[in-house]
Structure formats: C-alpha cells, structure tokens
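Close look at the chain arrangement
Residues per chain are reported as follows:
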Amino acid sequence: MSRNPIHIALVSDHGYSRPLAVTIASILASAAGEDTFHFHVIDLGLSAECRERIDALREIRDFRIDCLELPPERIEEAAGCRMEDMVARYRYPGAVLGRAFLPELLPSLPKVLYLDCDLVALDSLKPLWDTDLDGKYAVCARDALEYLRQTQKDIEAYFASLGIREGSPFFNSGVILLNLEKARKRNMTRRFFILLRQFGPSVKSGDQDIFNILFQGDYIVVPSMWNFQDPMSRWSEEFTFASPRFTPKVIHYTTGGKPWMPGNGCVHADIYRRYA
C-alpha cells in the first residue's frame, strides 16, 4: 500500500450498505494504475454481510478500510433531535449528518475526499484528490439547481433566505474534497450544528444547504464532470452523451428514484448496473 493513498470518506447505515459497496467497487474498477485507496466509513449500522461484501472487492484492487464509530447519541446531542425525528425536522435522515464530524473523526489527516453512497466513479479520482485547496475550506462542483437559477426566481429567493449572495455558486455536497486542517481550526463541526439548528427546519436540501452557508466564498469550484448529477441531462444539452464535451468522471444519482430501485426511471441507471 502506498504511503500516499487517496483518503475517501463515506457514511452509511444498513439501508445504504449495498449502494456503499457499489460506490467502492466503481472507484476500484475505474482507478488508474498507481492509485491506492484508504476508505474511512462512518458506520451507522453496517451488517457483517455488508462488511464481507466490501472485503470481497479486493478481487478488483487492494485497499485499506477503517470503520469509524459514531454513536447515534452523538448526532442527536449535536442536532438537538432524536434520530427517528430527523426527517420530520431536517428533511433528511440523521445518518447524513455523520460527515459533519469528519474533522474530529480523522484528527491526523490534512484532507479527505468525501463521497455520497449514491454515485459511481467512471475514471480515476486522483486528479480531483490532487487539486490544490489553496487554503480554502473545500473543493466541490455546482449543484444541478444552478442550471435553473436564472429562469426560476423562487430558487434565487430561497438561496437569499439562507444568506447566500446573488452570484455566489451553490455546490452539491455529494463530492467534497475537504480541508480538514482548516475545518478543525475553524471549529467546523460546532459551527455546522449551530447553523443546522438555526436554518434546519426550513432547508430544502438538508445538510447540503448548511454546508453552502458555512463554506460560502471559501471553496474552489471544479467542473461538473466531477459531480455530474442525473437531472442535468434533462435541463441542459451540454450534459448529454451526444455532446462531445460530456465526459463525466463521477455520476451522482440525486433524484428520489435511485438506480437500485425497481422501476426507478433513473437517467444512466445502466451505467450504475455495471458495478452492482
């Protein structure tokens, strides 16, 4: 194992255990020759079967993996809400809040590449990993809503209600190269939950909105190929396979119909199935 692996963080409970394995499989299968990986999984209820499934992925490529313990009580204390009430209060399950604890769960790392478990990698992640953070909080790509922002005034009004300035890009939090050193110095976890309690009941995109408030003006925007969200194919001809400029490195299935669900109607579900 290389001394300089790509450190990748993911969060999963039992319900997302199979998608977690698919995401890891796609990263391994799409890696370049010299890529090595150290996965850090915030374990919120993974079964022994899931762990065995992930271990079997070493047939594709060797890797290191650590399961990070995060007691649900820790999330409940920070969010001021019981896990079973998170959806009603914050619109999303409490498990998604696990990534807000990465600065303290990975105290020795200077940076980590966080990935959602509803995406697949189609190419090496090394160029994204090597992106210079230049002292910023994070590196991330624009959210699909950015492509409707100019035509739907209610979207801009919603961003304004969060304190996001006009013209300030709104990013998707499913792929984030996170500056852990800065996050620790700025007490990111504490500040995140202060904002969650303030804005949480009114947010539309869960903790993604909170990260946008927290990182505003302090992150680097990379091309959408590093976080291509499936609705983009419907909203812009730029993001179709007919376009020569369409070369996604990561496909992120952000709609409610996930590609592992029967009759999902998901764009590019066929690509997901390559790794399932």
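Here the structure is shown first, and the text comes after it.
Residues numbered from 1 in each chain as written. Predicted model: local features only at pLDDT ≥ 70, side-chain atom pairs only at ≥ 80, totals over all residues. Heavy atoms only, no water.

**Digging into the overall build of the protein chain**
- A count of helical and extended segments in the protein chain gives twelve helices and ten strands.
- A compact globule built from 276 residues would reach a C-alpha radius of gyration of about 19 Å, and the protein chain, at 18 Å, matches this within 12%.
- For the C-alpha atoms alone, the extent of the protein chain along its principal axes is close to 50 × 45 × 40 Å.
- In the protein chain, 75% of the contacts between residues at least 6 apart in sequence involve partners at least 24 apart.
- Approximately 12,600 Å² of the protein chain is accessible, and the part contributed by carbon and sulfur atoms is 49%. (Helix = DSSP H or I, 4+ residues; strand = E, 2+ residues; numbered from the N terminus. Rg over C-alpha atoms; globule rule 2.2 N^0.38 Å. Contact = heavy atoms within 4.5 Å. Areas by Shrake-Rupley, 256 points an atom, 1.4 Å probe, with all protein chains shown as cover.)

**What to know about the sheet that holds strand β10 (residues 250–252)**
- As summarised here, the arrangement of the three strands in space is β5-β10-β9, forming an open sheet in which the pairing is mixed. Bordering the open sheet on either side are β5 (119–121) and β9 (228–229), each of which pairs with just one other strand.
- Bridge analysis of β9 against β10 gives two bridges, and the strand direction is parallel. Bridging across to β10, Gln229 finds its partner in His252. (Pairing = 2+ DSSP bridges.)

**Digging into the packing of aromatic side chains**
- One pass over the full model with this rule turns up 14 aromatic pairs.
- Pairing Phe37 with Phe39 gives two aromatic rings, centres 5.8 Å apart and planes at 15°, and the pair type is stacked.
- Take Phe37: its relative accessible area is 1%, and that puts it in the buried class.
- With a centroid separation of 5.0 Å and an interplanar angle of 80°, the aromatic rings of Phe192 and Phe193 are classed as edge-to-face.
- Among the residues examined, Phe192 registers a relative accessible area of 0% and is labelled buried. (Phe/Tyr/Trp six-rings, centres within 6.5 Å; stacked < 30°, edge-to-face > 60°. Buried < 20%, exposed > 50% of the residue type's maximum accessible area, 1.4 Å probe, protein only.)

**Points about the environment of Phe39**
- Within the secondary structure layout, Phe39 lies in strand β2 (residues 37–43).
- On a C-alpha basis, the gap between Phe39 and Pro5 in space is 9.4 Å, while along the polypeptide they are 34 residues apart.
- With sequence-adjacent residues up to four places away left out, Phe39 is seen in contact with Ile8, Leu10, Ile24, Ile27, Leu28, Phe63, Arg64, Ile65 and Asp66.

**A few points about the side chain of Glu146**
- Considering the arrangement of structural elements, one finds Glu146 in the loop between β6 (138–141) and α7 (153–161).
- Residues in contact with Glu146, not counting those within four places in the same chain, are Phe159, Ser168, Pro169 and Phe170.

**Overview of the sheet that holds β2**
- The strand order across the open sheet formed by seven strands is β3-β2-β1-β4-β7-β6-β8, and the pairing between neighbours is mixed. Either end of the sheet is taken by a strand with one partner, and the two such strands are β3 (64–69) and β8 (219–222). Averaged over all pairs of adjacent strands, the angle between their axes in this sheet comes to 25°, without regard to strand direction. (Axes fitted to C-alpha atoms, helices over the stretch in contact; angles between N-to-C directions.)

**Overview of the packing of helix α3 (residues 72–79) against helix α9 (residues 188–199)**
- Relative to each other, α3 and α9 sit at 60°, their axes nearing to 9 Å. With respect to α9, the element α3 is oriented oblique. Counting all contacts with α3, which are made through Glu77, Ala78 and Ala79, the residues of α9 involved are Phe193, Leu196 and Arg197.
- For the contact of α3 with α9, the class distribution of residues is four nonpolar, no polar and two charged. (Parallel < 35°, antiparallel > 145°, perpendicular 65-115°, else oblique. Nonpolar A, V, L, I, M, F, W, Y, C, P; charged D, E, K, R; others polar.)

Spatial relationships are all this shows, so hold off on functional conclusions.
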